[in-house]
Amino acid sequence: MEEVAIIGIGCTPVGEPWHKSLRNMAVESTWAAMEDAAIDQVDALIVGNMSSGNFNDQESLGSLIADYAGLGNISAFKVEGACGSGGAAFNAGVMAVASGMHDTVCVTGVEKMTDVVGDNATKILANAADREYESIHGISFVGLNAMIMRRYMYDYNVKKEDLCAFPVNSHKNAVHNKYAMFRQEIKMDAVLNSPMVADPMTLMECAPICDGAASAIITTKERAREYTDTPVIVKGSSLKVDTIGVHDRKTVTSMKATVTAANDAYKQSGLSPSDIQTVELHDAFSIMGAIGLEDLGFAERGKGARFAAEGQIGIGGKLPCCTFGGLKARGHPVGATGLYQIIELSKNLRGEGVVDAECGLAQNIGGTGSTVSVTILGRG
Amino acid sequence: MSVPRHWRESVKRYRLIGSKCKACGKVHYPERTVCPLCKSRELEPFQFKGNGKIYSYTIIWAPPEGYEYCKPYAAALVELEEGEIVTTQLTDCDLEKIEIGMPVEIVLRKLFAYGESGIIVYGYKFRPVLPIL
Amino acid sequence: MKTIKDIGIVGYGAYVPMYRIKNSDIARVWGNDPIRVPVKEKSVPGPDEDACTIACEAARNAILRAALDPKKLGAVWVGTESKPYAVKPTATIVAEVIGATPLINAADWEFACKAGTEALQGALGYVGSGMSDYAMAIGVDTAQGQPADALEYTAAAGGSAMIVGPASEALATYEASCSFVTDTPDFWRRQYEHYPKHASRFTGMPAYFYHITNAAKNLCSEVGKEPNDFDYVIFHQPNAKFPMAAAGMLGVDKEKVIPGLISPYIGNTYAGSAVLGLAAVFDVAKPGDTVLCVSYGSGAGSDAFSFTMTDKIDEVRNNAPNVKSYIGRRVSIDYATYARYRQKIRM
């Protein structure tokens with residue numbers, strides 16, 4: 001198996017770019033990453049996207065994006081794992097390079113969600129759950145996470161105030177990120193007093209519906225030095241699934257897919273949680289941040305929210321998390337999110353970021369923890 | 001509008017019919033064709049009684065398209081008497097009085113309709129156990 | 001009319017939705033006297049309820065009391081004027097929900113407010129002739145009254161299911177019945193119209209009272225009884241007054257009507273009305289008690305039935321929720337919420 005390195009990164013600003021289409025955005029980020037790597041061709045394009053068929057009436061993204069990016073008749077296809085599509089696509093890209101199948105691969109995550117109106121987007125996002133046995137009951141994706149949150153608060157006697165630390169932290173970190181959707185700080189009161197979306201979850205605990213595209217160019221570690229002085233090494237990359245339905249889990253307050261993917265990635269890298277210096281958490285909802293910290297081995301069961309509330313996830317804290325604003329404030333264009341995490345982590349490791357780290361981890365969740373990828377990156 | 005998709009599931013949704021593994025005895029809802037516990041593919045239909053208690057719940061204030069008609073409404077994970085957990089809406093309940101552990105029972109209700117002219121999709125919901133006077 | 005075989009009611013089940021709107025609130029909205037109203041309050045179906053869901057719960061309760069394998073039913077017949085689909089039977093859904101399909105006859109019956117007892121007549125004939133061992137008849141409605149119309153005060157929702165079977169298993173044995181119909185246009189709803197129309201005071205003497213009293217009298221002469229010989233008497237209940245007036249005309253003591261008179265609390269449940277009253281009587285009647293039930297449906301006609309309670313009633317009564325429990329489970333809503341739930345607001 002070849003070791004894999006990231007040699008180029010690029011993305012579009014996250015937001016509501018009304019004048020840009022899905023293909024415009026994907027091409028823009030693909031070329032931004034290729035320019036960063038100083039290349040003009042790749043051997044394969046792997047696209048991470050959750051629901052272009054529903055959001056944009058468009059499938060065949062491998063062809064569409066390769067075609068409009070001028071990449072010709074290369075190998076290209078789409079990988080889907082709901083909100084974890086980006087991480088899944090990156091995992092597929094790593095496999096393609098590590099296996100020796102392709103030399104240089106571009107992984108592009110893209111989602112154009114604002115082509116549909118609000119409650120239709122809510123319906124499409126609920127497709128990440130079991131359509132016949134969860135979504136059919138009118139339970140939004142936020143609703144499923146709210147039920148996890150309620151049980152977590154009940155089991156561990158956790159206050160909502162502690163969970164607010166995740167959105168507050170993410171907003172604070174987004175201020176310096178020019179690609180972020182919400183570049184202003186918020187206070188805990190604002191989170192608590194924001195409109196109820198799915199009790200007990202309020203609006204400002206939830207990542208926004210938005211558009212974005214992010215890309216990474218990967219090649220073998222051996223070849224990486226030909227392109228850059230600051231390659232980022234993929235030390236671990238693992239994706240695991242769990243039951244599609246929350247109702248089929250032994251416990252709803254931990255994600256088995258995160259635990260197993262993290263264990264796998266730690267094993268691949270020979271690292272342990274104590275070696276990780278920064279984390280891109282999948283904070284689509286405040287509760288996911290807390291459970292993520294626990295499942296990844298950074299906090300004890302039931303103590304994830306407290307860990308955050310004590311300030312340990314801030315820049316300068318013990319474990320800086322969501323350093324470019326996370327899903328909450330950078331934005332969560334679902335299929336692109338996993339790639340935004342990879343490029344943000346890469347910036348920190350290349351010395352272009354906001355924390356000085358040798359090693360970092362990204363966690364990308366699809367569904368309510370039904371698909372989780374964990375990536376560990378380190379300096380080359 | 002998909003008619004066969006709903007028709008295929010309708011009986012299971014009307015009556016809360018899941019499956020039971022003939023090999024290890026595990027019951028499942030929703031129905032499965034492979035037992036996730038022992039991988040046996042010898043399963044039979046299993047009728048759940050429809051009684052349970054709330055394991056967790058939420059109140060939906062921002063419903064997905066098609067469910068606005070009963071907003072706000074409660075959704076829950078209900079732990080059935082037989083041990084499985086089922087995802088469901090709660091109906092006929094005081095949103096202020098729901099709590100974890102509250103006993104609930106199955107009823108049949110409209111889940112949603114495809115507008116004024118399309119099919120009506122019926123299925124189970126749960127409600128607080130009816131007090132008998 | 002009598003049957004060849006000895007039959008009776010082997011199971012019954014009721015359902016009334018939880019929501020109520022006060023008549024005084026309706027009167028307030030339309031500028032009418034909040035004191036002089038036909039009933040105290042009426043039941044309102046929740047936003048996820050319709051005649052089908054109501055029929056299903058009533059049917060499940062009837063199955064519980066009958067302790068019957070639903071596959072043994074030969075028919076599931078739903079009498080209603082508020083079918084969720086104009087074309088597509090409600091009865092097939094109900095039959096599927098209770099697990100009675102597929103070797104079964106299922107259909108919806110329509111005869112304004114007597115559709116439920118019409119289905120019951122059919123079920124009695126079906127079982128009484130030996131075509132089937134068991135048959136279920138349901139009377140159910142989610143009646144719509146036009147805003148500001150007199151009927152808006154009473155048009156309510158509820159239903160009741162009766163399972164007809166062998167007399168040996170009956171909680172109430174069937175003695176005889178009578179159907180009395182004429183062409184009397186007192187109330188109607190034309191195709192594609194949302195709300196019914198009625199002929200105001202014409203709905204009284206030539207319609208409700210004429211058919212109710214004649215059906216009752218004809219039945220009584222067939223069985224050799226006077227109306228007041230029965231221990232309980234149930235009339236169709238369009239409001240609180242009419243059943244009491246009918247009792248007066250037939251010489252029936254008012255206290256015999258009170259136990260089955262539920263319209264003051266939940267309004268007129270149309271096709272559910274007489275059969276819900278019958279269920280309320282079954283909830284309290286003792287073995288040996290005799291019951292006269294007379295429905296009325298506009299258009300117009302009445303069905304009258306004579307039953308005698310058996311020892312079995314005491315065994316099965318508590319196997320399902322009684323009418324009182326459903327009436328007691330009430331949540332008051334205001335007119336605005338009622339307007340939303342009943343889709344009276346044009347979107």
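Numbering of residues begins from 1 in every chain and follows the order in which that chain's sequence is written. Working convention: letters from A go to chains and numbers from 1 go to ligands, in the order in which they are written. Whole-chain, interface and lining totals are the exception, using all residues; otherwise, since this is a predicted model, local features are given only for residues with pLDDT of at least 70 and side-chain atom pairs are given and counted only at 80 or more. Side-chain numbers here rest on the full set of heavy atoms in the structure, without hydrogens or water.

Some remarks on the interface of chain A and chain B
Many structure descriptions define interface size as the accessible area lost when the parts assemble.
1) Next: Between chain A and chain B, the contact holds 28 residues from the first and 35 residues from the second.
2) Next: In this description, buried area is defined as the sum, over both parts, of the accessible area (probe of 1.4 Å) that is lost when the two are combined. Considering only the side of chain A, the residues that lose the most area to chain B are Tyr133(A), His137(A) and Met147(A), jointly responsible for 24% of the buried surface there.
3) Next: Every case where a carboxyl oxygen of Asp or Glu lies within 4 Å of a side-chain nitrogen of Lys or Arg is listed as a salt bridge. Across the pair Arg13(B) and Glu132(A) runs a salt bridge, and its minimum N-O distance is 2.6 Å.
4) Next: In the analysis that follows, any N or O atom pair within 3.5 Å is treated as a polar contact, provided that within protein one partner can donate a hydrogen and the other can accept it, and provided that, for residues neighboring in sequence, both atoms belong to side chains. Our count for the contact surface shared by chain A and chain B stands at 19 residue pairs in polar contact (both at pLDDT 80 or more).
5) Next: Within the residue set of the side of chain A that touches chain B, elements represented by two or more residues are helix H5 (118–125), helix H6 (141–156) and strand S5 (196–199) of chain A.
6) Next: Of all the elements, H6(A) adds the most residues to the side of chain A that touches chain B, at six residues.
7) Next: Polarity classes work like this: nonpolar for Ala, Val, Leu, Ile, Met, Phe, Trp, Tyr, Cys and Pro, charged for Asp, Glu, Lys and Arg, and polar for all others, with Gly in that last group. Looking at the side of chain A that touches chain B residue by residue, the class counts come to eleven nonpolar, eight polar and nine charged.
8) Next: For S5(A) and strand S4 (residues 51–60) of chain B, the ladder comprises two bridges, and the chain directions are antiparallel. Residue pairing across strands places Asp199(A) opposite Ile59(B), the latter belonging to S4(B). The contact rule is simple, with two residues in contact once any of their heavy atoms fall within 4.5 Å. By definition, any uninterrupted DSSP run of H or I lasting at least four residues is a helix, any uninterrupted run of E lasting at least two residues is a strand, and each is numbered from the N terminus. Two strands pair if DSSP finds at least two bridges between them.

Observations regarding unusual backbone geometry
1) Next: Following Tyr29(B), the chain continues into Pro30(B) via a peptide bond in cis, with omega recorded as 0°.
2) Next: With respect to the helices and strands, the residue Pro30(B) is situated in the loop between strand S2 (27–28) and strand S3 (43–47).
3) Next: The omega torsion of the bond from Thr101(C) to Pro102(C) falls at 0°, within 30 degrees of zero and hence cis.
4) Next: Mapped onto the elements, Pro102(C) comes out in the loop between helix H3 (90–98) and strand S5 (105–109).
5) Next: Of note, the phi angle at Ser60(A) is positive, near 55°, even though the residue is not glycine.
6) Next: Position of Ser60(A) relative to the elements: it lies in the loop between helix H2 (52–55) and helix H3 (61–68).
7) Next: The phi torsion at Ser200(C) lies on the positive side, around 50°, for a residue other than glycine.

Side note on the domain arrangement of chain A
Residues and elements named next belong to chain A.
1) Next: Either an automatic procedure or a domain database provided the assignment from which the domain bounds are taken. Examined at the domain level, chain A breaks down into domain 1 (4–117 + 210–230) and domain 2 (120–208 + 233–379).
2) Next: Computed over C-alpha atoms only, the centres of domain 1 and domain 2 are separated by 22 Å.
3) Next: Every contact between the two is made by 48 residues of domain 1 and, on the other side, 40 residues of domain 2.
4) Next: Carbon and sulfur atoms make up 71% of the area that domain 1 and domain 2 hide from each other, which totals about 3,300 Å².
5) Next: Three residues, Ile 9, Val 14 and Cys 83, lead the burial of domain 1 against domain 2; their summed loss comes to 19% of the area buried on that side.
6) Next: Remark: the boundary between domain 1 and domain 2 carries one salt bridge.
7) Next: Between Arg 350 and Asp 36 there is a salt bridge, with its nearest N and O atoms 3.0 Å apart.

Here's the deal with the environment of Leu293(A)
All names here are of chain A.
1) Next: When you line up the elements, Leu 293 lands in helix H12 (residues 286–295).
2) Next: Looking at Leu 293, the relative accessible area reads 0%, which means it is buried.
3) Next: A sequence separation of 255 residues divides Leu 293 from Ala 38, and the C-alpha atoms of the two residues are 36 Å apart.
4) Next: With residues near it in sequence (within four places) discarded, Leu 293 still touches Phe 166, Leu 281, Phe 298, Ala 299, Gly 304, Phe 307, Ile 313, Leu 319 and Cys 321. Here the term buried applies to any residue with accessible area under 20% of the maximum for its type, exposed to any over 50%, and partly exposed to those in between, with areas from a 1.4 Å probe on protein chains only.

Quick notes on helix H9 (residues 273–282) of chain C
1) Next: Taking burial as the measure, the ten residues of H9(C) include ten buried ones, the bulk of the element.
2) Next: Looking at H9(C), one finds that the buried residues are Ser273(C), Ala274(C), Val275(C), Leu276(C), Gly277(C), Leu278(C), Ala279(C), Ala280(C), Val281(C) and Phe282(C).

What to know about the packing of helix H1 (residues 22–37) of chain A against H3(A)
Helix packing for two helices is described by the angle between their axes and how far apart those axes are.
Residue and element names in this part refer to chain A.
1) Next: Axis lines are fitted to C-alpha atoms, over the contacting stretch for helices. Their N-to-C directions set the angle, which ranges from 0 to 180 degrees. Remark: H1 packs on H3, axes separated minimally by 9 Å, with the N-to-C direction vectors making an angle of 60°. With respect to H3, the element H1 is oriented oblique. At the point where H1 passes H3, the crossing takes the right-handed sense. In this structure, H1 contributes Leu 22, Arg 23, Ala 26, Val 27 and Thr 30 to the contact, and H3 contributes Leu 61, Leu 64, Ile 65 and Tyr 68.
2) Next: Residues of the contact of H1 with H3, tallied by class, amount to seven nonpolar, one polar and one charged. If an angle is under 35 degrees, it is roughly parallel; if it is over 145, roughly antiparallel; if it lies from 65 to 115, roughly perpendicular; otherwise it is oblique. A clockwise turn of the near helix away from the far one marks a right-handed crossing, whereas an anticlockwise turn of less than a right angle marks a left-handed crossing.

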